[in-house]
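Remarks on the overall topology
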Number of protein chains: 2
Amino acid sequence: MLGMLTPDERQVAQSLLAYPDHSVGRMMTLDYVAVRPEWTVREALDYIREHGYDRETLNMVYVVDEAGHLVDDIRVRRFLLSPVDRPVKALLDGNYTWLAPTDDREKALALFRKFDRVALPVVDENRKIIGIVTVDDMLDVAEEEATEDIQKLGGSEALDEPYTTISLVKMVKKRASWLVILFLGEMLTATALKYYEGELAKAIVLSLFLPLVVSSGGNAGSQASTLVIRALALGEFKLRDWWRIMRRELVAGFSLGIILGVIGTLRITIWSFIFPNTYGEHWGLVAATVGTALVGIVMWGSLMGSMLPLIIKRCGFDPATSSAPFIATLVDVTGLIIYFSVAMVIMRETLV
Amino acid sequence: MLGMLTPDERQVAQSLLAYPDHSVGRMMTLDYVAVRPEWTVREALDYIREHGYDRETLNMVYVVDEAGHLVDDIRVRRFLLSPVDRPVKALLDGNYTWLAPTDDREKALALFRKFDRVALPVVDENRKIIGIVTVDDMLDVAEEEATEDIQKLGGSEALDEPYTTISLVKMVKKRASWLVILFLGEMLTATALKYYEGELAKAIVLSLFLPLVVSSGGNAGSQASTLVIRALALGEFKLRDWWRIMRRELVAGFSLGIILGVIGTLRITIWSFIFPNTYGEHWGLVAATVGTALVGIVMWGSLMGSMLPLIIKRCGFDPATSSAPFIATLVDVTGLIIYFSVAMVIMRETLV
């Protein structure tokens, strides 16, 4: 019985460390009990009593054939509740599943969610059992995976160490890489604004609402990308559903844009009545520009925020890369262009 | 034996629904087995065999006194591995813990992480056992709690329903509330910019770098707040450690600010050499302004991003409220003031 060996601790550690990071092999334990289908329940119980006492993980008993191939897994209490002269064979229900040592731990997490098990067997390419993974380790995995996603969504690399103990140099490195990428992306706003410098000079008032309008698109995009990335991580939909997601986000983005657009227009109108001349004689045109641009930019932000994670996943990368700051930066640049394009249409006569 | 009752399903459902949302009472099951300490292992096993067959949750057996008070919990396999004439009393190790039905499920999650159990007992105020909670439900809890935090961090209310099935009207409502709050906050940028309108008119070039400088502070703040919020959720530090966190973030923010400041200054300098007159004759002053402002704003963003979640938690609210977009909005407004203050010092002679 493979599982009944009491292996040299060091050798075990070395063999487990040979598996890739975040793989099932890294988290499996050799601490399981295996019995044979031709034994009786009494023989199995005697065997368990003899070999299983110290095993922390004795909630499931694995049934294997003479070559060690996995045949089924049975809850230990089934043995407890069965007549002792019945053969183990009679307890088999064929309801079992297994993991490969090279499987990603996220796959293990998904299987544990689907199958109501406290432990799952790990088998090699010949379906010989080589270890088990227990559900209490899965709680840690779920937590670590969520932490990674959350940190990426916040616009930095995953720290892979607790925030409180990671060295300052390491943390700055992990944060600097993304911050610099975002900074380089955001530089395009300076380029775009340079292009509209003439319009800005003629209507300084436009620059007053620039951060307001542009950041609203970024916020709408952050919401959309975060919701879509989490739904993807939970397996709520597949990439081929992109068209359904896009339709939802277009409608949601339009509604949200209308809400913000109305508030923005009202703000400029009311201010212009209370404090005359704040926004010049053309305040009506400014209000129209801001309101219209908001609808366009919020829709655009929602669309980008929802579609980019799907595109990134399609390209084989982690969708959590399209974090809130990443989307906000992209929407900043494109939002500027939308804003000035709207302004040039609505305020043509003032600007020319 | 309380636990051995086969209660009317409807009554059970009603009694469980009486507990508050997200409480332990809502997720507990009555499907457990309890035995008495004065029984022998044989008596206990007979009892388990008779009453426990259908119980999905028979991994732990609860030992209770005659009044139903919890005395200990024992893994079912201990019974299996013990001589049958030993009293149950002899198996007790006093190593157990319990939950109250009114406990928050996050507390249950923390206990499961700490104690290596597949199930935990739930007791009433007299420490009478009234149900159990199993670890497989905890996986779902861990996932749901992470989803809530992630959605809040993305700048919307938690959806509380899958993204793919929630009605569009509900989703727009959940997103609109935060988007409007952020919009109202961001309106302060228009107010601040109005105040600096004179400077803007004299140096249009300042507005070109406005989104770049301000959004970098927002990005640094997003990183800091996300890391701190997750570390808080994982219990990596306590509120009273705020001074240590603040020191770390000041150093990290300063380093990150220097990195971005140097890149920003180089960008303006190089562009001014390649395309003379892009940023006017005072490009040197502009470069100095952008570089200096970046150091200040990135430090300020890191400081706000790390301290606000702590302040919000101190006030008794959910720290995840201080999401990336929330911090970005706050830093936008204050960042503007830093930017123009720096500009007024460095470019005094040009602006006057």
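The shown structure was predicted, so the numbers you read here are calculated from the model rather than taken from an experiment.

1. Some thoughts on the packing of helix 6 (residues 135-153) of chain A against helix 6 (residues 135-153) of chain B
The N-to-C vectors of helix 6 of chain A and helix 6 of chain B enclose an angle of 5 degrees; their axes lie 10 Å apart at closest approach. Taken together, the axes of helix 6 of chain A and helix 6 of chain B are roughly parallel relative to one another. Contact with helix 6 of chain A, carried on its side by Val135, Met138, Leu139, Ala142, Ala146, Ile150 and Leu153 of chain A, involves Val135, Met138, Leu139, Ala142, Ala146, Ile150 and Leu153 of chain B of helix 6 of chain B and no other residues of that element. The residue makeup of the contact of helix 6 of chain A with helix 6 of chain B, split by class, is 14 nonpolar, no polar and no charged.

2. Considering the sheet that holds strand 3 (residues 70-75) of chain B
Residue and element names in this part refer to chain B. A sheet is described by the order of its strands in space; here three strands give the open sequence 1-2-3, paired in mixed fashion. Either end of the sheet is taken by a strand with one partner, and the two such strands are strand 1 (33-35) and strand 3. Pairs of neighbouring strands in the sheet enclose a mean axial angle of 35 degrees, with direction left out of account. Relative to strand 3, strand 2 (residues 60-64) is paired through five bridges, and the arrangement is antiparallel. In the sheet register, valine 64 faces strand 3, and the bridge partner there is leucine 70.

3. Some thoughts on the pattern of salt bridges
Opposite charge on two side chains lets them pair, provided their charged atoms get close. Residue and element names in this part refer to chain A. For the coordinates displayed, the defined rule picks out 24 salt bridges over all chains. For glutamate 148, the salt bridge goes to arginine 105, with nearest N and O atoms at 3.7 Å. Taken together, the residues glutamate 148 in helix 6 and arginine 105 in helix 5 (residues 105-114) connect sequence positions 43 residues apart. Overall, the relative accessible area of 15% leaves glutamate 148 in the buried class. Taking the relative accessible area as the measure of exposure, arginine 105 reaches 6% and is therefore buried. The salt bridge partner of aspartate 241 is arginine 244, with a shortest N-O separation of 3.9 Å. Connected through salt bridges with shared partners, the residues Arg105, Glu144, Glu145 and Glu148 form a single ionic network.

4. Considering the interface of chain A and chain B
Counting residues at the interface gives 107 residues for chain A and 107 residues for chain B. Both faces combined, the contact of chain A with chain B buries some 9,700 Å², and carbon together with sulfur accounts for 66% of it. Among the residues chain A hides against chain B, the three largest losses belong to Tyr163, Phe183 and Arg248 of chain A. Together they make up 8% of the total. Counting every contact that joins chain A to chain B gives three salt bridges. Its salt-bridge partner being arginine 113 of chain A, residue glutamate 143 of chain B comes within 2.1 Å of it at the nearest N-O pair. Run the count over chain A and chain B and you get 25 residue pairs in polar contact (both at pLDDT 80 or more). The element that contributes the greatest number of residues to the side of chain A that touches chain B is helix 7 (residues 168-195) of chain A, accounting for 18 residues. When the residues that make up the side of chain A that touches chain B are grouped by side-chain class, the tally is 60 nonpolar, 25 polar and 22 charged.

5. Here's the deal with the side chain of arginine 230 of chain B
As for its position among the elements, arginine 230 of chain B is in helix 10 (residues 210-233). Although arginine 230 of chain B lies buried, it forms no salt bridge, and the closest oppositely charged side chain, aspartate 149 of chain B, sits 4.7 Å away as judged by the N-O distance. There is a polar contact of 2.8 Å between the side chain of arginine 230 of chain B and the side chain of threonine 147 of chain A. Ignoring anything within four residues of it in the chain, the contact list for arginine 230 of chain B reads Glu143, Ala146, Thr147 and Ile150 of chain A.

6. Here's the deal with the packing of aromatic side chains
Each aromatic ring pair is characterised by the separation of its centres together with the angle its planes make. Residue and element names in this part refer to chain A. One pass over the structure, following the stated rule, counts 24 aromatic pairs over all chains. Arranged with centres 5.7 Å apart and planes meeting at 80 degrees, the rings of tryptophan 178 and phenylalanine 326 form a pair that is edge-to-face. Residue tryptophan 178 is located in helix 7, and its partner phenylalanine 326 is located in helix 13 (residues 324-346); the two are separated by 148 residues in the primary sequence. Residue classification places tryptophan 178 among the buried positions, given a relative accessible area of 15%.

Rules of the game
- Residues numbered from 1 in each chain as written.
- Chains lettered and ligands numbered in written order.
- Predicted model: local features only at pLDDT ≥ 70, side-chain atom pairs only at ≥ 80, totals over all residues.
- Heavy atoms only, no water.
- Axes fitted to C-alpha atoms, helices over the stretch in contact; angles between N-to-C directions.
- Helix = DSSP H or I, 4+ residues; strand = E, 2+ residues; numbered from the N terminus.
- Parallel < 35°, antiparallel > 145°, perpendicular 65-115°, else oblique.
- Contact = heavy atoms within 4.5 Å.
- Nonpolar A, V, L, I, M, F, W, Y, C, P; charged D, E, K, R; others polar.
- Pairing = 2+ DSSP bridges.
- Salt bridge = Lys/Arg side-chain N within 4 Å of Asp/Glu carboxyl O.
- Buried < 20%, exposed > 50% of the residue type's maximum accessible area, 1.4 Å probe, protein only.
- Buried area = accessible area lost by both parts, 1.4 Å probe.
- Polar contact = N/O pair within 3.5 Å; in protein donor to acceptor, adjacent residues only side chain to side chain.
- Lys, Arg positive; Asp, Glu negative; His and termini not counted.
- Phe/Tyr/Trp six-rings, centres within 6.5 Å; stacked < 30°, edge-to-face > 60°.

In short, geometric facts, not functional conclusions.
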